[in-house]
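Topology and contacts: notes
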Amino acid sequence: MYIFWIAVLVLSFTPLGKTSQVPLKHSDHDDEYLPLESDIDLWNLHDAPFENSTSHLIFDTINSLLQHWTNTRYRNGHTIVPATIPEGTIIYHGTYFNRIPINPEWVATDTEHARYFCIGRGTADNNRGCWQLTLVVKSPLKILYLDGSSAAMLEGGPLDAQDILLWGKSRPDMLFAEYIRICKLCEWGSKYGIHGFMRMQVSFEIMLCDFTKDVEVVSFLNLATDVVLSPDVLPDPSNVSICKTLEDPPLPRQTSWSSLPIPEDMLGMAFDAIEVGTWHSYYPGDTRVRLDLSRAISFYDTDSFPSLVPLRYGKERWYHRVGDLSTKDVQTLRNQLDEILAEDQWEHAASVDWRAQFHVITNRYAERLEILRYMVTNITDTQRAADRAFDQLRKLLSPYRLHTAVPDNTPSTSTRKISNHSWAIPVFKLCATTHTDYLAKLPNLTSSEKMLLSAMEDVNKEICRVLVKLWAEGIEWGLVPWKEVARTEDELRKLLDGWKVEVDLLMKWLDWSVWARCPEPCGPEEMCYMPTWPFFTDLSPTSPNKLEARPWLRPQPRCVRKFSPYNDIFT
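Residues numbered from 1 in each chain as written. Predicted model: local features only at pLDDT ≥ 70, side-chain atom pairs only at ≥ 80, totals over all residues. Heavy atoms only, no water.

Side note on the nonpolar core
Note the following rule: Only buried residues count toward a nonpolar core. Its members are Ala, Val, Leu, Ile, Met, Phe, Trp, Tyr and Cys residues joined through side-chain atoms within 4.5 Å. Only protein chains enter the accessibility calculation, which uses a 1.4 Å probe; a residue whose area is less than 20% of its type maximum is buried, one above 50% is exposed, and one in between is partly exposed. A run of DSSP states H or I qualifies as a helix once it reaches four residues; a run of E qualifies as a strand once it reaches two. Both are numbered from the N-terminal end.
Membership of the largest hydrophobic core comes to 90 residues, with the highest contact counts inside it found for Tyr 365, Trp 471 and Trp 499. With 15 residues, the top contributor of residues to this core is helix α16 (residues 447-476). Listed in part, the 30 residues of the second largest apolar core include Leu 166, Phe 197, Leu 337 and Ile 340.

So, the pattern of salt bridges
Selection criterion: A pair is scored as a salt bridge if a Lys or Arg side-chain nitrogen falls within 4 Å of a carboxyl oxygen belonging to Asp or Glu.
Going through the model one piece at a time under the given rule, you end up with 21 salt bridges. Here Asp 511 and Arg 73 are joined by a salt bridge, their closest N and O atoms 3.2 Å apart. Of the two residues, Asp 511 sits in the loop between α17 (489-510) and β13 (526-529) while Arg 73 sits in helix α4 (residues 68-73), which places them 438 residues apart along the sequence. Pair check on accessibility: Asp 511 and Arg 73 agree, each one buried. Among the salt bridges present, the one from Asp 504 reaches Lys 500, with a minimum N-O distance of 2.7 Å.

Section: the side chain of Ser 203
Cut-off, in case you're wondering: Two N or O atoms count as a polar contact when they lie within 3.5 Å, although within protein this holds only if one can serve as hydrogen donor and the other as acceptor, and sequence-adjacent residues are included solely when both atoms are side-chain atoms. Residues count as neighbours in contact if any of their non-hydrogen atoms are within 4.5 Å of one another.
Positionally, Ser 203 belongs in the loop between β7 (196-200) and β8 (204-208). For Ser 203, a relative accessible area of 1% translates into the label buried. Polar contacts involving the side chain of Ser 203 include one to the side chain of Asp 110, which spans 3.2 Å. Leaving out residues up to four positions away in the same chain, Ser 203 has contacts with His 68, Asp 110, His 113, Ala 273, Val 276, Gly 277 and His 280.

Quick notes on the layout of surface pockets
We count it as follows: Here a cavity denotes a set of grid points, spaced 1 Å apart and computed over the protein atoms alone, in which a 1.4 Å probe fits but from which it cannot get out, and a pocket denotes an open set meeting protein on both sides within 12 Å along at least five of seven lines; residues with an atom within 4 Å of a point are reported as lining. Grid points are joined across faces, edges and corners, and a volume is the space filled by probe spheres set on the points.
Taken as a whole, the second largest pocket holds about 940 Å³ of empty space. Lining the second largest pocket are 30 residues; nearest its centre among them are Glu 51, His 56, Lys 315, Lys 508 and Trp 509. Taken together, the elements giving at least two residues each to the lining of the second largest pocket come down to α3 (55-63), α10 (308-312), α16 and α17. No other element matches α17, which puts six residues into the lining of the second largest pocket.

A short note on empty space enclosed by the protein
One pass over the structure, following the stated rule, counts four cavities of 30 Å³ or more. Computed from the structure, the largest cavity encloses a volume of approximately 210 Å³. Looking at the lining of the largest cavity, the elements that each hand over two or more residues are α3 and α4. For the lining of the largest cavity, the element with the highest residue contribution is α4, accounting for three residues.

Observations regarding the environment of Leu 496
Secondary-structure assignment places Leu 496 in helix α17. Sequence separation between Leu 496 and Ala 389 is 107 residues; the distance between their C-alpha atoms is 8.7 Å. Residue contacts for Leu 496: discarding those within four places in its chain leaves Val 376, Ile 379, Thr 382, Ala 385 and Ala 386.

Thoughts on the packing of aromatic side chains
Put simply, the rule reads: Ring pairs shown here join Phe, Tyr and Trp side chains whose ring centres sit within 6.5 Å, with only the six-membered ring taken for Trp; geometry is labelled stacked below 30 degrees between planes, edge-to-face above 60, and tilted in between. Here, over-ring charges are defined by two tests on the NZ atom of lysine or the CZ atom of arginine: distance to the ring centre within 6 Å, and angle to the ring normal within 35 degrees.
For the coordinates displayed, the defined rule picks out 16 aromatic pairs. Here Phe 59 and Phe 358 contribute two aromatic rings whose centre-to-centre distance is 4.6 Å and whose plane-to-plane angle is 10°, an arrangement assigned as stacked. With Phe 59 in helix α3 and Phe 358 in helix α12 (residues 354-377), this pair connects stretches of sequence that are 299 residues apart. Exposure class is identical for Phe 59 and Phe 358. Each is buried. When the ring of Trp 188 is compared with that of Phe 197, the centres are 6.3 Å apart and the planes differ by 40°; the resulting orientation is tilted. Phe 197 shares its class with Trp 188; the two are buried. Through a chain of ring-to-ring contacts, three or more aromatic side chains come together here, namely Phe 59, Phe 358, Trp 512 and Trp 515. A cation over a ring is seen here: Arg 171 above Trp 167, with NZ or CZ 5.0 Å from the ring centre. For the cation-ring pair, Arg 487 lies above Trp 477, with the distance from its terminal atom to the ring centre recorded as 4.3 Å.

Describing the packing of α12 against α16
A pair of packed helices is captured by two measures, namely the crossing angle of their axes and the spacing between those axes. Basically, it comes down to this: Interaxial angles span 0 to 180 degrees and are taken between N-to-C directions of axes, which are lines fitted to C-alpha atoms, for helices over the stretch in contact. Roughly parallel means an angle under 35 degrees; roughly antiparallel, over 145; roughly perpendicular, 65 to 115; everything else is oblique. By convention the crossing between two helices is left-handed if the near helix lies anticlockwise of the far one by an angle smaller than a right angle, and right-handed if it lies clockwise. Amino acid classes used here: Ala, Val, Leu, Ile, Met, Phe, Trp, Tyr, Cys and Pro are nonpolar; Asp, Glu, Lys and Arg are charged; the rest, including Gly, are polar.
Where α12 meets α16, the closest approach of the two axes is 11 Å, and the angle between their N-to-C directions is 20°. Judged by the inter-axis angle, α12 sits roughly parallel to α16. Of the two possible hands of crossing, α12 and α16 adopt the one that is left-handed. Side by side, α12 and α16 meet where Trp 354, Gln 357, Phe 358, Ile 361, Tyr 365, Leu 369 and Leu 372 of the first sit next to Glu 449, Leu 452, Leu 453, Met 456, Asn 460, Ile 463, Cys 464 and Leu 467 of the second. When its residues are assigned to classes, the contact of α12 with α16 shows twelve nonpolar, two polar and one charged.

So, unusual backbone geometry
The step from Tyr 283 to Pro 284 runs through a cis peptide bond, and the omega angle for that step is 5°. With respect to the element layout, Pro 284 can be found in the loop between α9 (264-277) and β11 (290-291). Put simply, Trp 533 and Pro 534 share a cis peptide bond, and its omega is 10°. Although it is not a glycine, Asp 214 adopts a positive phi angle of roughly 65°. Positive phi is not limited to glycine here, since His 421 has a value of about 55°. Turning to its location among the elements, His 421 is positioned in the loop between α13 (382-396) and α14 (425-433).

Read these as geometric descriptors, not functional statements.
Quick look at the structure:
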């Protein structure tokens, strides 16, 4: 009412003869969304992505960085990102002896993960406890983050990226050579001023190269523990630099933990480490690390690493590896690392928050696509199912449904007809470009950022292509009140079946791990668990079972107990 009287007052002061209505001027951007002849090819609603496209893989790996769930599901990492650990961050090191490491060693970002390695050395009658070192970062640590389960000593690819950095190829003979690996990585990284390397197993760890550089001791505590192993299992620590004397790989660790007589207390500590890893399952993941995505390297970048394209062809994502990179592509990687790890690059900060940009897309569509799939799958009343699914499409596209975007023809009364839906192209363009149009105009994007932008554009475009196509079909079929047309049961069923195929294909292509859940809700004493190394059976390299046949290679989430006994964590 207040606005009404304001309008009356304004009109009352308008001079006579100037009260005629003047058409509003069109925005300069209006014409941008009018369908042109060339748009029909560029914005064809029937054109799916190319078979060898990796945009969705780049998108998902970048969107899943520092998140435990996806990187446990897909262990073979494909991303290398420079990062920093800010001042004031607490990190932990569990051990069985009371001396600060003089060699490169592993630290955890969660105390429960470090506690898992805080083991007594001696006998049950001579239990002297264990030691936990707590450090604080006093100056930002420069690290290199390797995604996937990059700390899992498994055949099949989790260690490939590290092997490529060190030796230019996969080294299965170095599978258990963790001390050689950490020594050589630290030696390689020293020329770039790198403090360490971040990896993941049950939770996140850092291979810290020097325990005296830019970190400070908070405490070094002798903790109580019920887990005590004999000196035969835990040898005396070396008093000299391992990195200067180590030539051969250390003896392989046990290849199947489930075959060991592991104390229940140790299993309990292991489960605690697994549980804290789940704190970082989804976005934003472990927030104590600051990634610089303006310098990200992705092995899914086909321009940089074309030799991997034929090696991935026809393979499911579980089997994608980077260990067979060609010699030329290995040199490309080394050149890129020289560029992004140069001293002046550590001062560079990306102006675009790419992780947030990617998350906007997944946050907007992940749950709604699931609901749409449910609507076109669980059908009892075809008319009601079609109406509900169409309403969901209208909701998804509501920010982009232009008032002028309507078909010229009336709905067909025959069966489902093929249409190019050219009248819906303006909606398609708006949906596909709203989130990226400004970013594409930025003048100083790095090559990494251009790769990220391209992935974001392609993924957003494919989501919008499918949604707009189905929405346009719904209108042409008369699922709107102003053009409602009676349809037979068979016609509606055919429409819904077609929509189900489209939505299933889209979600399979996107393959977001947020959709990977336990088949049934877990009970109050359970949690949903993604099988995690090293709690696997049948790990031996000499196993008669082929690698592809082992149950842990394609991990599927399941419910496990939160309390003792913990044997169900093994796969």
